[in-house]
Amino acid sequence: MQSARLLGAATTVALVASFAASPSAGAATNVGDGPINPSLTTISLLNTNDFHGHFTKDFACTVTTAQKELGAVFLSAGDNVGGTPFASASQNDTPSIDYLNALGLQASAVGNHEFDKGFNDLTGRIQSRAQWTYLGANVYRAGTTTPALPAYKIIDVNGVKVGVVGAVTKDVPSLVAADGIAGLEFGDPVAAVNRTAAALKDGNPANGEADVVVAEYHEGATEGGSATLASQLALGGDFARIVTDTSANVDAIFTGHTHQLYAWDGPVPGGTGTRPVVQTDFYASHLGVLQLGYDPATKKVTQYAVSNRAVTAPTAACTTDTRYQAAAGIVDSANAQADVIGKQAIGKITADITTALKADGSRDDRLRESTLSNLIAQSYVDSINKPGRFGGVDIGVMNPGGVRADLKYGTDGTVTYADAAAIMPFNNTVQTTQVTGAQFKRVLEQQWQPAGSSRAFLKLGLSSNVTYTYDPNAADGSHITSVTIGGQPLDPAKTYTVASNSFLVAGGDNFTAFADSKSTIKDSGLIDQSLFMEWIREHNPASPSFAKNGVAVENQPSEVTQGKDVTFTVSGLDMTSAGSPTTTEVEVFLGTTSLGKFPVTKVLTTAPPFPTRNETATVTVRIPADAAVGAQNLFVKAAQTGTVVTMPVTVAAGDGPTSSPTSSPTSSPTSSPTSSPTSTGTATSTTSTDVTGPPVVTDGDQNAGNGGNGGLLAGAGALFAMLLAGAWVLGRRLS
């Protein structure tokens, strides 16, 4: 079996030792790839998480093969439905439920996406069709500690009673529409699991009894892969509490929600061994396989073996398995029906328009800006401002978690109904709300998520008229240094109308500044998925924009002085969406006057601080001695991407004569910088062939100040003038 244990032996020993006190029912030994001791009773469990309707024959064969090989029970950590691809979403996720039924899923933690269409939909349509039991020990009736869902399920495995306890992230209220979960409260998942596990181990048959307890948490680590358990515990938050505070009554921990891949050996409170802590990635890419060795004499789990099996193509043996045949038949039927619905072409694109790509090339890096999220945000503005709709929208905003697929060019750029529908499968309505400039700035600040959140940063998609700068090293709540709307500085007191989906408008994903605005929300009555398809039809062909709306600026100036140098660093100039160009040079403007071109270094800054950033330029420019005094804009433009960084500044008078501005700050340079360098690092005049001010200091001489190149050249000019004068006098005397 493939092993995904990523914690080093020394670290494991240290972590376990910190919890050592006395042997516990939850402490066991990982036997690695070796077999469970035959003297023990083997309990085999299979697990998935964040399935999200990705039914395939590959996954069906992987599950049924493991079931036949191990006699295993199939479980889930939640998000089986909701956020699903077109084949499932277009049929209200019925094929997904039927598929998991066919594979014999027996119990699942409830995930946040099970609440996408409300609690009544979960307990009605979904649970009535599902043959497995949804568990939510921390889902309470409001004002009580009475679970609104079953807290556990007892399953007999090889004569051993296995109690499966389920709990969901307490962040559900920020992840789904508020009206769908009215009357519910979501408590501490660890406390709920511990309470339930204690009841299952208290010897009282009236509240359920189990020999072995397994926790299914729809919450998990922020990173998997090459990350270690130690690094994740060091971050604190809910996952650290799940690992370290879950009672020793629990023998194994399955997790989900964060879409990560890991199988770690976790410490046990008061124990001398470890217990497995597992997550299986997402979209049915892997299958968690866990075997527990239970000693009937001591009534303890003393051994375990754990792995994450990569899903592979169906084998010949699967085709004769009746359970596989049933699941495969559902796949075929659902895909055939989806093909009929989805083949209709609705428009074209000129190139791939995607989410941000991770370092390994996979999609959906929610920490980075993307061409697709920005495009969706722009579609909100354009669509609500159409004639016949209530209009008045200033800003469009899109949450990255709502973007579930990419627009790929393919062979000819055709976009079908299925392509567009798969991008936003949640069927939220499009709404507008009003915020002040100060509140919108707080929305942007909330991209840096609260401590302990599943993701430290969530990059919002924004309409093309919004740009901002930020200081990555600033304290929480102080990252945003400037914002422009339509090229004008954000007015903190002005009211702006924002269009987005109902989930985000209600304060979802911890963007509570929207909900805190207490503004009257207008519902367009349009479903985001349908609106996006309409937009694609009307903007045919659509193209990706690689212009960044958020760029990091360190040492950002707010005041500059005539004839003086100013130095700052810009980073995060480029996107990571498919096809994103790499910036190699930027040009700096004060208003419409070019101050020079500067090379860009291709470098990736790692997090923290968040977000990570690529492409960096350190710029030193000299403000012209005759620059207009007062409010102006300092611009940094990257011609290769179209990115324009806008920094409002006040120009102060220098030592020489001054002039006053004749108008308000220029919104953008009127003369676009050339894409090819003209002696990189040297300013080029855009106003006259005569020199009207001191030379501009560029990257080629960053240490030059008032006594740098400008002084040297001025001195050279004076000396040259004196020599000419001397030659003229000498000529007069000799004539």
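In the block above lies the structure referred to throughout.
Residues numbered from 1 in each chain as written. Predicted model: local features only at pLDDT ≥ 70, side-chain atom pairs only at ≥ 80, totals over all residues. Heavy atoms only, no water.

(A) Layout of empty space enclosed by the protein. Summed over the entire model, instances satisfying the criterion amount to 4 cavities of 30 Å³ or more. In this model, the largest cavity occupies a volume close to 150 Å³. Together, 17 residues line the largest cavity, and G82, D93, D116, K117 and P425 are the ones closest to its centre. With 3 residues, helix α5 (residues 119-129) is the single largest residue contributor to the lining of the largest cavity. Split into classes, the residues belonging to the lining of the largest cavity amount to 5 nonpolar, 6 polar and 6 charged. (1 Å grid on protein atoms, 1.4 Å probe; cavity = no way out; pocket = protein on both sides within 12 Å on 5 of 7 lines; lining within 4 Å. Points joined across faces, edges and corners; volume = space filled by probe spheres on them. Helix = DSSP H or I, 4+ residues; strand = E, 2+ residues; numbered from the N terminus. Nonpolar A, V, L, I, M, F, W, Y, C, P; charged D, E, K, R; others polar.)

(B) The arrangement of the state of the cysteines in detail. In this structure the tally under the stated criterion is 1 disulfide. Between the sulfur of C61 and that of C318 lies a disulfide, 1.9 Å long from S to S. Handedness here is read from the sign of the S-S torsion; for C61 and C318, about 85°, the answer is right-handed. Highlighted residues: C61 in helix α2 (residues 57-70) and C318 in the loop between β15 (300-310) and α10 (322-342), separated in sequence by 257 residues. This pair shows no difference in class: C61 is buried, exactly as C318 is. (Disulfide = S-S within 2.5 Å. Buried < 20%, exposed > 50% of the residue type's maximum accessible area, 1.4 Å probe, protein only.)

(C) Focus on the sheet that holds strand β30 (residues 593-599). Ordered by their spatial adjacency, 5 strands build an open sheet running β27-β34-β33-β29-β30, and the pairing between neighbours is mixed. With partners counted over all chains shown, the strands left at the sheet margins are β27 (559-561) and β30, one partner each. Across the sheet, the axes of successive neighbouring strands diverge by a mean angle of 30°, strand direction being ignored. Sheet topology places β27 next to strand β34 (residues 643-652); 3 bridges connect them, and they run parallel. (Pairing = 2+ DSSP bridges. Axes fitted to C-alpha atoms, helices over the stretch in contact; angles between N-to-C directions.)

(D) Representation of the sheet that holds strand β13 (residues 274-280) in the model. Strand order across the open sheet formed by 6 strands is β7-β8-β10-β11-β13-β12, with mixed pairing between neighbours. With partners counted over all chains shown, the strands left at the sheet margins are β7 (152-157) and β12 (261-267), one partner each. Within this sheet the neighbouring strands show an average axis-to-axis angle of 20°, counted without direction. Looking at chain direction, strand β8 (residues 160-168) and strand β10 (residues 212-218) are connected through 7 bridges and run parallel.

(E) Representation of helix α7 (residues 189-200) within the structure. Its 12 residues give α7 an end-to-end C-alpha distance of 16 Å, which sits within 8% of 16 Å, the value for a rise of 1.5 Å per residue. Along α7, the residues classified as buried are P189, V190, A192, V193, N194, T196, A197 and L200. For α7, the elements touching its buried residues are β6 (139-141), β7, β8, β10 and α9 (237-245). Measuring from the backbone nitrogen of V190 back to the side-chain oxygen at the start of α7 gives 2.9 Å, which picks out D188 as the cap. (Expected span 1.5 Å × (residues − 1). Contact = heavy atoms within 4.5 Å. Polar contact = N/O pair within 3.5 Å; in protein donor to acceptor, adjacent residues only side chain to side chain.)

(F) Broad picture of the pattern of salt bridges. A full pass over the atoms with the stated rule returns 17 salt bridges. Residue K170 is joined to D238 by a salt bridge in which the shortest nitrogen-to-oxygen separation is 2.5 Å. A residue pair is termed long-range when its members are at least 10 positions apart, and K170 in the loop between β8 and α6 (172-175) and D238 in helix α9 qualify at 68 residues. Using a relative accessible area of 12% as the deciding quantity, one classes D238 as buried. (Salt bridge = Lys/Arg side-chain N within 4 Å of Asp/Glu carboxyl O.)

(G) The environment of L407, seen in detail. For L407, the location among the structural elements is in the loop between β17 (395-398) and β18 (414-416). Between the C-alpha atoms of L407 and I349, which are 58 residues apart in sequence, the distance is 8.1 Å. Contacts of L407, omitting those with residues within four sequence positions, involve I349, D352, I353, T354, L372, V415, D419, I423, F532 and I536.

(H) Representation of α5 within the structure. Considered for burial, the residues of α5 that qualify are F119, D121, L122 and I126. Summarising the axial view, the buried residues of α5 lie within an arc of 135°, below the 170-degree limit, and thus occupy one face. Turned more than 90 degrees from where α5 packs its buried face, N120 and S128 sit exposed. Contacts made by the buried residues of α5 are with α4 (94-102), β5 (133-135), β6 and β9 (184-186). (Arc of directions from axis to C-beta.)

(I) Structural context of the pairing of β15. Taking burial as the measure, the 11 residues of β15 include 8 buried ones, the bulk of the element. Bridge analysis of strand β1 (residues 29-30) against β15 gives 2 bridges, and the strand direction is parallel. In the sheet register, N30 faces β15, and the bridge partner there is Y304. Between strand β14 (residues 286-295) and β15, which pair antiparallel one after the other, the connecting turn spans 4 residues, and K299 there sits at a positive phi close to 55°.

(J) Main features of unusual backbone geometry. Each neighbour pair has its own omega, and for N540 with P541 the value is 0°, a cis peptide bond. Its location among the elements puts P541 in the loop between α16 (528-538) and β26 (550-554). Even without being glycine, H52 reaches a positive phi, approximately 50°. With respect to the element layout, H52 can be found in the loop between β2 (41-48) and α2. Phi is positive for D281, which is not a glycine, with a value near 70°.

Keep in mind that these numbers describe shape and distance, not what the molecule does.
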